[in-house]
Amino acid sequence: MAATRVPLVADLVEAAEAAAFLAPRGLAARAGELPLPCRTLFVPSAAAGVFPEPERNARSGADSARGVWSAECADGLVAAGSAEALRAAAAAWPAPRRDAALAALDRYARPARRLRFADGETWDCARPRLMGIVNVTPDSFSDGGRHFAPKDAVEHALRLLDEGADILDFGAESTRPGSAPVDAAEEIRRLVPPLAELRRLRPDARVSIDTRRAATARATLDEGADLINDIAGLGDAGMAELAAGRGVPVCVMHMRGEPGTMQSDTRYDDLLGEVATFLAARAEAGRKAGIADDRILLDPGLGFGKSAAGNEDLLRRTRTLAGLGYPLLVGASRKSFVGARTGVAAADRRLAGSLVAAAAAAWGGAAVVRVHDVAATREALAMAAALRPGAGGS
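Residues numbered from 1 in each chain as written. Predicted model: local features only at pLDDT ≥ 70, side-chain atom pairs only at ≥ 80, totals over all residues. Heavy atoms only, no water.

Quick look at the nonpolar core
Moving on, step 1. Ranked by size, the top nonpolar core spans 80 residues in total, and within it Leu168, Phe170, Ile228 and Leu298 carry the most contacts.
Moving on, step 2. Looking at this core element by element, the count peaks at six residues for helix α10 (residues 271-289).
Moving on, step 3. Residue contacts for Leu168: discarding those within four places in its chain leaves Gly132, Val134, Ala157, Leu160, Leu161, Leu198, Arg206, Val207 and Ser208. (Core = buried A, V, L, I, M, F, W, Y, C linked by side-chain atoms within 4.5 Å. Buried < 20%, exposed > 50% of the residue type's maximum accessible area, 1.4 Å probe, protein only. Helix = DSSP H or I, 4+ residues; strand = E, 2+ residues; numbered from the N terminus. Contact = heavy atoms within 4.5 Å.)

In structure tokens form, the structure reads like this:
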């Protein structure tokens, strides 16, 4: 397991979730000491260095005096308390740990929601944007190839726009567990005709291309695509440079392995830490290639190399991942973990569970929610926004 190399922040309410947050740090046995409910911060040594022993004791005493519980662990420091007390304690720590802690706390309190397109339009995702799914595949897990023909794909895309989709996500390769890969030439053959027709009918529509191949991304950008949704996390040579050169946003996703094998091992010692570390590293790779901060989206990759319980854990920690400094995209719609929890085997009948998952992502600070059922999700998110604690009344 790779060490967690980025600070993590979480609001914890119950002892079980406190133990789960502390377990990767070797501190699960001390979960009962946390002042629940509390805001909890982990600052890794990899990000901010290690306190010398004399400073540890002084720091621990000062934290306690401020009402903050803190403990050193093998790979960093964990501290917990109210949001105000935790920030006050962190402000008194020596740099660079102070700087890393305060930056993490600020990002958590104010998740990034700004997304800028190549034409200069900027989305403020104060309300989550809806990404409608258009599968141009013969073997999609969710619709069984219902929209494989170009005419059917375009009709479905227009329907999703009418239902309120902010952006459409066209994909030509099924990435369900166990699926076989499709090469770039076949992806392009499937994608270009419906994309060109949609552009003719609705030149104003925003379009994302779900691909892990730079050649496919390039061909579809030439046809007017606006965003690259990359499940391989900029793994294909030239993908980051392509996005930077075209000035288009890119979504970077976490996946262990390949779609064909990703569910063969879903065990993690620290799922949240590993996903956060990977996403932060790939975002930094994108920045180094020239992609602007407000053109990077992160996606934890629900359903991609995670167990059902792991997917639920990540969804509960949407706020933590949204605090990495980039807008977060969450795609839970119709996935098998929704069916596992609700007992609904047929993917296209998992609407109720998918709507709850979308609402949870929105409450956690997701900037974009990727869904099959746009109209129903739009209604559910409107209600969730109205009922969110602190939303006020009308």
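Further notes follow.
Some points on a nonpolar patch on the surface
Moving on, step 1. The grouping of Trp363, Met383 and Leu387 at the surface amounts to a nonpolar patch, some 340 Å² of accessible area in total.
Moving on, step 2. In this fold, Leu387 is placed in helix α15 (residues 374-387). (Patch = residues over 30% accessible without salt bridge, like charges linked within 9 Å, V, L, I, M, F, W, Y side chains within 5 Å. Areas by Shrake-Rupley, 256 points an atom, 1.4 Å probe, with all protein chains shown as cover. Salt bridge = Lys/Arg side-chain N within 4 Å of Asp/Glu carboxyl O.)

Considering the pattern of salt bridges
Moving on, step 1. The full count for this structure, using the stated rule, is 37 salt bridges.
Moving on, step 2. For the salt bridge of Arg370 with Asp210, the shortest nitrogen-to-oxygen distance reads 3.4 Å. One end of the pair, Arg370, is in strand β14 (residues 368-371); the other, Asp210, is in strand β9 (residues 207-210), with 160 residues separating them in the sequence. Grouping residues by exposure puts Arg370 and Asp210 together as buried.
Moving on, step 3. The residue Arg267 makes a salt bridge to Asp265 at a minimum N-O spacing of 3.1 Å.
Moving on, step 4. Its relative accessible area of 66% is what places Arg267 among the exposed residues.
Moving on, step 5. Asp265 gets classed as partly exposed once you look at its relative accessible area, which sits at 28%.
Moving on, step 6. Salt bridges sharing partners connect three or more residues here, namely Asp119, Glu121, Arg199, Arg206 and Asp226.

Concerning the packing of helix α4 (residues 83-91) against helix α5 (residues 97-109)
Moving on, step 1. Viewed as axis vectors pointing N to C, α4 and α5 meet at an angle of 155 degrees, and their least axial separation amounts to 8 Å. Viewed along their axes, α4 and α5 adopt a mutual orientation that is roughly antiparallel. By crossing handedness, the relation of α4 to α5 is classed as left-handed. Packed against α4, whose contacting residues are Leu86, Arg87, Ala90 and Ala91, the element α5 presents Arg98, Ala101, Leu102, Leu105 and Asp106 at the interface.
Moving on, step 2. The class makeup of the residues in the contact of α4 with α5 is six nonpolar, no polar and three charged. (Axes fitted to C-alpha atoms, helices over the stretch in contact; angles between N-to-C directions. Parallel < 35°, antiparallel > 145°, perpendicular 65-115°, else oblique. Left-handed = near helix turned anticlockwise from the far one by under 90°. Nonpolar A, V, L, I, M, F, W, Y, C, P; charged D, E, K, R; others polar.)

Structural notes on the side chain of Arg129
Moving on, step 1. Mapped onto the fold, Arg129 is located in strand β7 (residues 129-135).
Moving on, step 2. Setting aside anything within four residues of it in sequence, one finds Arg129 in contact with Trp123, Asp124, Asp166, Ala367, Val368 and Val369.

Notes on the packing of helix α7 (residues 184-201) against helix α8 (residues 214-222)
Moving on, step 1. The geometry of α7 relative to α8 is characterised by a closest axis approach of 9 Å and an angle of 20 degrees between their N-to-C directions. On the basis of the axis angle, α7 is roughly parallel to α8. At the point where α7 passes α8, the crossing takes the right-handed sense. Contacts from Ala184, Glu187, Ile188, Leu191 and Leu195 of α7 reach α8 at Ala215, Thr216, Ala219 and Thr220.
Moving on, step 2. Considered class by class, the residues forming the contact of α7 with α8 number six nonpolar, two polar and one charged.

Considering the sheet that holds strand β10 (residues 227-230)
Moving on, step 1. The strand order β12-β11-β10-β9-β8-β7-β14-β13 describes an open sheet built from eight strands, whose pairing is parallel. The outermost strands of the open sheet, each flanked by one partner alone, are β12 (296-299) and β13 (329-330).
Moving on, step 2. Strand direction decides the pairing type here: β10 and strand β11 (residues 250-253), joined by three bridges, are parallel. Bridged to Asn229 within β11 is Cys251.
Moving on, step 3. Its contacts with the sheet place α7 against β8 (167-171) and β9, and it is angled at close to 175 degrees to β9. (Pairing = 2+ DSSP bridges.)

Comments concerning helix α14 (residues 351-363)
Moving on, step 1. Taking 1.5 Å of rise per residue, the 13 residues of α14 would be expected to cover 18 Å, and the 18 Å separating its terminal C-alpha atoms lies within 8% of that figure.
Moving on, step 2. Positive phi shows up at Gly365, right after α14, with a value of about 100 degrees. (Expected span 1.5 Å × (residues − 1).)

Observations concerning the pairing of β9
Moving on, step 1. Residue alternation in β9 divides its side chains into two sets, Val207 and Ile209 and Ser208 and Asp210, and both sets are buried.
Moving on, step 2. Here four bridges tie β8 to β9, and the two strands are oriented parallel to one another. Paired with Phe170 across the strands is Ile209, a residue of β9.
Moving on, step 3. In this fold, the crossover linking β8 to β9 by way of α7 has right-handed handedness.
Moving on, step 4. Bridge analysis of β9 against β10 gives three bridges, and the strand direction is parallel. When the bridges of β10 are listed, Ser208 appears paired with Leu227.
Moving on, step 5. Once you follow β9 into α8 and on to β10, the crossover reads as right-handed. (Right-handed = clockwise from strand over helix to strand, strands pointing away.)

Digging into the packing of aromatic side chains
Moving on, step 1. One pass over the full model with this rule turns up one aromatic pair.
Moving on, step 2. Residues Phe117 and Trp123 carry aromatic rings whose centres are separated by 4.9 Å and whose planes lie at 70 degrees to one another, so their mutual orientation is edge-to-face. For the pair Phe117 and Trp123, a shared accessibility class is recorded, and that class is buried.
Moving on, step 3. Geometry around Phe42 places Arg25 over its ring, the cationic atom sitting 4.1 Å from the centre.
Moving on, step 4. Here the basic side chain of Arg206 rests over the ring of Phe117, its NZ or CZ set 4.1 Å away from the ring centre. (Phe/Tyr/Trp six-rings, centres within 6.5 Å; stacked < 30°, edge-to-face > 60°. Lys NZ or Arg CZ within 6 Å of the ring centre and 35° of its normal.)

What about the pairing of β12?
Moving on, step 1. The alternating pattern of β12 places Ile296 and Leu298 and Leu297 and Asp299 on opposite faces, both of which are buried.
Moving on, step 2. Across four bridges, β11 lies against β12 in parallel orientation. When the bridges of β12 are listed, Val252 appears paired with Leu298.
Moving on, step 3. Between the parallel elements β11 and β12, the chain passes through α10 in a crossover that is right-handed.

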